[in-house]
Structures are given as structure tokens and as C-alpha cells.
Amino acid sequence: MKKNGVKMIKINSKNVDVFYGKKQALFNINLDIEENQVTALIGPSGCGKSTFLRCLNRMNDVIDICRVKGQIIINDFDINDKSCDVVRLREKIGMVFQKPNPFPKTIYENISYGPTIHGMAQSKNEMDEIVETSLKKAALWEEVKDRLHEPGTGLSGGQQQRLCIARAISVKPEVILMDEPCSALDPIATAQIEELIDELKKDHTIIIVTHSMAQAARVSQNTGFFHLGELIEHGSTDKIFKNPENKKTQDYITGRFG
Amino acid sequence: MNLILFTFIVLLGFTSYYFGRRKAYTIQSTNKRLTALPQFYGYYLAIWCAIPAFIIFSLWAIFEPTIVKLLILSDYSNQGYLDDELNLIYEKTKALSRGQFTGEITPFIEASAEKYLSLRSIAQSSKAVILLSIIIASVAYAYKKISSNSRTREPVEKFLKAVLFTASLAAILTTVGIVFSLIFQTIDFFKVIPLFDFVFGTHWYPAKAFVRDSSEALDPTMYSDTFGAVPIFAGTFFIAFIAMCVAIPIGLMSGIYLAEYASVKVRQYAKPLIEILAGIPTVVYGFFAALTVGPFLKEIGNSMGLDVSAESALAAGGVMGIMIIPFISSLSDDVITSVPQSLRDGSYAMGATKSETIKKVIFPAALPGIVGSILLGVSRAIGETMIVVMASGLAANLTLNPLESTSTITAQIVVILIGDQAFGDPKTQAAFALGMSLFLVTLCLNIVALRVVKKYREKYE
């Protein structure tokens, strides 16, 4: 999407290196993410695409031995800077994981979790409204509106993943990170999630890691190709899939390796 | 004699294993395919050795003493002896034959003892002969029978299954046996002491039962107001409550620290250190409570003008709590660690802090396991004996003042069963009644614990 013909850059990463202990996992990544677009990160297993994704909301902090170098600038602010408040950052940048991970609570509590810890609702009515809009946005409302107080773990895999998406959007994040969100789902649930992603990009910037080239081609406007910890090529999805510059990208996309 | 026989059978077992395997190899070398690996043929033969041996050993163990006794006492039949007297004669005979008889030796008994010895040696040698001939016959039969297409794997597997089944059966039957021994003594007790008096009576003074001379007839009325168990039930739960007040907060918090906050290095050293607490014998805790904590509390209390008994419920309960800490902390640490990392990630990704994540996601998810560990701690507290015997006093006071001494079920059982006692005496049987109540209480606790864990398990996933 272009505003006045200029691409709006939401996230700007400069010279990002990531180390797990002594092993370097990412080498000098420079990648710009456009606002209100879907950016797909593709590449063979272990290429570092998930690691990069986890840099964007500092989830790598959770791993003791992980160190991140370089700048990741979101809204003119370097999130790797010491002054960055991780709680605020993660409120702005939501995440959906590979395996659906609803909390062992009711559907309602799963959604109200984020708004509660960020103090977003002043009253029960407000909270009800947040829960309803989040579930509606995640295209789950019709299926669960009568059983909001049943455990979220009782839903099917596809529903659980949409519940996790609803949970992520409940705090109105600017960016949503998705780490192979469909890899544990069947084709029908996958199609529903992909449709949802297309819908969500109106309000959110989406970055999705995927193993499925077809999925990347279907849902994304931009694509980055990672290989062995390096960003080999990035650009518009059309260009990457139809006319890649790099031989490795072409080989990967045509299924010659990976 | 039995030992030599046993060694011989074991050697025979190994030999038959060896022969079975060798036969299998021989069959194999003639280019025939075996139905099982060669060692199964070996095991098969060894089983043919073990089962007859086991049967004969048990037959002798069951019937030999009875038959020998019958033969010895047949000499005394028709002489007008009572059953008790006959038993006494038999015991004297056995003692004399072992050279341990100290009383007056009559010629009758001497003759019996000689007969006893000769009968025993006949029994033993007949056992040896029968055993060896049957085993060798059965192994030889099996050896001849096995061929390239005989089934050896299935019998061996079935045998192993039977052995494992017997082992688990033994554990269960022992429990059942314990329960029954409790039940019968308890029933006898309640024939003398009304159940109502036991459950609702408020005065526990079993020493009073000593006054009775055993030759006198049993007069139930003299036991009224002697076996009222309310004070010791109250004491038991009170001390357990004090213990849990100490153990639950400290144990849980240290468990949470170990699981969520401690670095790998700290955890590596701290966890074994806490678990060492669980390895300290309870006697040691007991004199820590009785000689250190008790007097210390008394001194502090006195300096504040409080009347503190040197043996107080507080000292016993507090030290018991310390003893239980490692159970709760170690178990809840395990439970919390096993909460999937994906839930933590999900919570952190929402912007939750560590404490929010623990409070709202991890703790609820781990709750069934934590409740289980707490209930386990409660059963420990109720069943704990040594600390209360040493530190809480033995007088069964009905009180809710933690500074006074109280007594518990376990401590009273110890008091009753130490020193002189007579079977069939209500005082001794009172111990069984108490044991039965203790058993029922812990049984209920375990059932509740299992229910709770089961109810929440589905939420766990």
C-alpha cells in the first residue's frame, strides 16, 4: 500500500546479528517491513526466519543464551535500546505461535487477559465489548458466542489458533507476528486463517513466517528469503516468486533444495 | 541343607539354560530356521527347571510341619491331653531337639525329640531326592521335546508376565492383609468400648486401663471416660495445620523460585540442597524440636510473660512443617517446570511480566499438581510420629492453644504399644482402633487428592 506514492516503513532493521551462545544464528540482517502489508519470511528449516521474527518483539529475551545486536527501529525508536519497555513493546507487537497455545482458562478469559494486564478496560461492559470485537475480527464470534465461559482448550485446532489471533488483537497491536500459524492445522482451517490474515492487514502490519511457498504467495505482498542465517533476497512477493534475482532464491522457490 | 539344595537348583537352572541354547544352535547349524532366538530355548528349559522346584519347595513348606506334628502327637493320643497341652508338648519337643530346652526333661519328651529329629531328616532327604529327580526328569523331557518348530518364545513371555503379576499381587495383598488385621482388632475393641464413646468422648486416658488385673473378668463400665478420641484427633489436625501453615507458603514460594526465577546454576545446587532436608531422619527433627525449638519458644514466651510449655504444639508443628517443605517445594517445582513453555511464551508475548505470567497462567495451569503435592504433605503431617512423640508431649489435652502440649494419634499409638501389653486387652486394641482411624483419614485425603487432580487434568493440556 502506498500513501502519496511513498511506501510507509513500519519496521526498519539495521545490521541485526543474533547469537545463541557462541553460535551465530543471524548475520547482518537489513530488512524493512511495510505498514499495513503482509510480509512473508520464507526459507528452509533452521535458516533463522523465526529467530528474526522473535527479535521484533524481543521474545529472544526469554532465552538465556541468546544475544541480539544491531538496531530494530519501530516508530522511530530502537527496541534494542536499554530504555525500551518490553511490556509496552509487546502490547504494540502481538504474536501468534506455531502451535495454538490458548491459556488453560475460559474463552473469555483468554481474550480479556491482555486488556486486563494493560488496564485497557474500565468496566465489565468495556471488557465485554473488547472480547466481542476481538472475536469478531478473528472470525470466531459466531462459533463461540454461546460458550464464552467454557475452556479455550476445548476448541478445535483451527478455532484455538483463531482464539490466539483474537487474543493477540485484543490489545490493538500495530504489528502482528505469526510464526508458522498454520503448520498444525488442516487445509480448511488454514484457508480460514489465510482469509483472516488478508482481513487483518487493514488495521495491522503482519509478518508471517511460513514453510509453505504457496501460502507465502497467497497471503503476502512482500517476501524475504532467508538461508543459513542470511537474508538472501527480499522484495515484492510477485517479484520474488516470478523473477528472483538470486540463484538460491530461484532454486528454493522451484523446490530444488530446502 | 535347604541352602545347598537351592544352590544346586540354581546351578541346574543355568545348566539347562546352557543346554537349551546349545540344542538351538545345533538345530540352527543343520540349516533349519528356528521359531525363536536361541536364548529363548535356554530360558524355556530353565523355566522347566524352576517351576517344579518352586512347587515342590512350597508343598514341603506347607505340609512338612503339619505332618511331622501329627506323627509326633500320635504317640500322645488317647491319653486325655487337652489341645493346649498337646501344643505345649510339641513346642517342648522342638525346643529340646534344638538343644534350647531349659526345663525338666522327661523320658517321653526325650523320645519325642529323637523321633522329631529323625522325621525331619527323613523329610529333608526325601525332599532332596524327589526334588532332584523331578527336576531332572522335567528338564530332560523338555530338552527332548524342543525342536526347530517348537514354540518357546510364547511360554517364556507368559512366564515373565506371570512373575511380574505375582510381584504386584504381593504388594496389593500385603495392603489388604494390613487392613484386615486392623479391622478385626478394631472390631474387638468396639465390642468393649462403644463407638460413640470413642468418636465423641473428650477424655483420653489409656493408662487407666492398666489398673485391671488380667485374671479379672472384663468389665466395660470401668473404661467409661477412658478412650474418648476427640482430644487426640483434635491434636492431630491441629499440629498438622500448624505444620502446613509453615510448609505451604515456604514450600510453594521456594518451588516457584526454583522453577521460574533461579538460574540454571542456582537451581543445580539449591534443589539438591532442599531435597537433603527430606533425607534427614525424623528422629533428628524430633530432638531438634524437643531440645532446641521447644526450650527456645518457652524462653521467648516467658520473656513476654506467656506461659509456654516446653513441649508445645507449636514446636512440634513448626518443625514438622520444616520437614515437609522439601516435599512441597520439590514437587511443585516439578509441576511448574512441566507447564509447557508455549503458555509462558503466549503470556510474555501479550506483554505480561514474569509475576503476572506466574500468577495468572502458570499457577492455575499447575494447580492440580500443586494441590496434589499439598495433600501429600498433609498426609505426611498426619502420619508423622517421631517429631510429635518427642516434642509435643504425650498428655492428650483438648486445647487450641499452640503453646500448650497436645498429643496426636500416632504418638498415642506409640505410647500404647511401648512396654508391657497384652493382646486382647482394650488398651492394646485401642492402638488398632487409632491406626484404623488414621488409615481412614489418609485414605479419604488420597481419594480427594486423586479427584482434584482428575477434575483439573483436562484443563492441563
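Since this is a predicted model, take the numbers as computed values, not measurements.

(A) The arrangement of the overall build of chain A in detail. Within chain A one finds 10 helices and 12 strands. Reported as C-alpha extents along the three principal axes, the dimensions of chain A are approximately 55 × 45 × 45 Å. Looking at chain A residue by residue over its 258 residues, the buried ones come to 46%. In chain A, the proportion of contacts linking residues at least 24 apart, taken out of those at least 6 apart, comes to 68%.

(B) Structural context of the overall build of chain B. Assigned secondary structure in chain B consists of 15 helices and 0 strands. Computed over its C-alpha atoms, the radius of gyration of chain B comes to 32 Å, more than 25% above the 23 Å expected for a compact globule of 461 residues. A principal-axis box enclosing the C-alpha atoms of chain B has dimensions of 80 × 75 × 35 Å. Counting the 461 residues in chain B, one finds 33% classified as buried. Taking all contacts inside chain B whose residues are at least 6 apart in sequence as the whole, residues at least 24 apart take part in 76%.

(C) Summary view of the sheet that holds strand β7 (residues 77-78) of chain A. All names here are of chain A. If you trace the 4 strands from one edge of the open sheet to the other, you get β4-β3-β6-β7, paired in antiparallel fashion. Here the strands that pair on one side only, and so sit at the sheet edges, are β4 (23-34) and β7. Pairing analysis gives 8 bridges linking strand β3 (residues 9-20) to strand β6 (residues 66-74), with the strands arranged antiparallel. Bridging from a neighbouring strand, lysine 14 pairs with glutamine 71 of β6.

(D) The arrangement of the interface of chain A and chain B in detail. On the chain B side, the residues contacting the 22 residues of chain A number 18 residues. When residues of the side of chain A that touches chain B are traced back to their parent elements, those giving at least two are α2 (86-92), β8 (93-96) and α3 (107-117) of chain A. Of the residues in the side of chain A that touches chain B, the class split is 11 nonpolar, 6 polar and 5 charged.

(E) Structural view of the pairing of β3(A). By the bridge criterion, 8 bridges tie β3(A) to β4(A) in an arrangement that is antiparallel. Directly across from Val16(A), in β4(A), lies its bridge partner Ile29(A).

(F) Up close: helix α7 (residues 230-261) of chain B. Compared with an ideal rise of 1.5 Å per residue, which puts 32 residues at 46 Å, α7(B) spans 45 Å between its outermost C-alpha atoms and is within 8% of the ideal. Taken as a whole, α7(B) carries its principal kink of about 25° at Met244(B).

(G) The sheet that holds strand β5 (residues 38-42) of chain A, seen in detail. Residue and element names in this part refer to chain A. Here we have 6 strands laid out as an open sheet, ordered β8-β9-β10-β5-β11-β12, and mixed in their pairing. A single partner strand is all that each edge strand has here, and the edge strands are β8 and β12 (230-236). Taking each pair of neighbouring strands and ignoring which way they run, the sheet shows an average axis angle of 15°. Where β5 and strand β10 (residues 205-209) come together, 4 bridges link them in parallel fashion. Across the sheet, leucine 41 pairs through a bridge with valine 209, a residue of β10.

(H) Up close: the domain arrangement of chain B. One can read the domain layout of chain B as domain 1 (2-148) and domain 2 (230-460). When each unit is reduced to the centre of its C-alpha atoms, the spacing between domain 1 of chain B and domain 2 of chain B is 50 Å.

(I) Representation of the nonpolar core within the structure. Residues Ile207(A), Ala243(B), Ala289(B), Ala316(B), Val319(B) and Ile387(B) are the most contacted members of the largest nonpolar core, which totals 119 residues. By residue number, the principal contributor to this core is helix α10 (residues 313-337) of chain B, which donates 14 residues. Here Ala316(B) is in contact with Ile239(B), Ala289(B), Ile387(B), Val388(B), Ala391(B) and Ser392(B), once residues within four sequence places are set aside.

(J) Examining the packing of helix α3 (residues 83-97) of chain B against helix α4 (residues 107-145) of chain B more closely. All names here are of chain B. Put simply, α3 and α4 touch, their axes get as near as 8 Å, and they point 70° apart. Classified by the angle between their axes, α3 and α4 sit roughly perpendicular to one another. For the pair α3 and α4, the crossing hand works out as right-handed. Residue-level inspection shows Lys92, Thr93, Lys94, Leu96 and Ser97 of α3 in contact with α4, the latter providing Ile109, Glu110, Ser112, Ala113, Tyr116 and Leu117. Its residues assigned to classes, the contact of α3 with α4 comprises 5 nonpolar, 3 polar and 3 charged.

(K) Representation of the pairing of β12(A) within the structure. All names here are of chain A. Sheet topology places strand β11 (residues 222-227) next to β12; 6 bridges connect them, and they run antiparallel. The residue of β12 that forms the bridge with asparagine 222 is serine 236. Linkage of β11 to β12, two consecutive antiparallel strands, is achieved through a turn of 2 residues, within which leucine 228 is found at a positive phi near 50°.

The rules behind each value
Residues numbered from 1 in each chain as written. Chains lettered and ligands numbered in written order. Predicted model: local features only at pLDDT ≥ 70, side-chain atom pairs only at ≥ 80, totals over all residues. Helix = DSSP H or I, 4+ residues; strand = E, 2+ residues; numbered from the N terminus. Buried ≥ 20, exposed ≤ 12 C-beta atoms within 10 Å, placed from the backbone. Contact = placed C-beta atoms within 7 Å. Rg over C-alpha atoms; globule rule 2.2 N^0.38 Å. Pairing = 2+ DSSP bridges. Nonpolar A, V, L, I, M, F, W, Y, C, P; charged D, E, K, R; others polar. Expected span 1.5 Å × (residues − 1). Bend = angle between axes of the 7 residues up to and from the residue. Axes fitted to C-alpha atoms, helices over the stretch in contact; angles between N-to-C directions. Domains from an automatic or database assignment. Core = buried A, V, L, I, M, F, W, Y, C linked by C-beta atoms within 7 Å. Parallel < 35°, antiparallel > 145°, perpendicular 65-115°, else oblique. Left-handed = near helix turned anticlockwise from the far one by under 90°.

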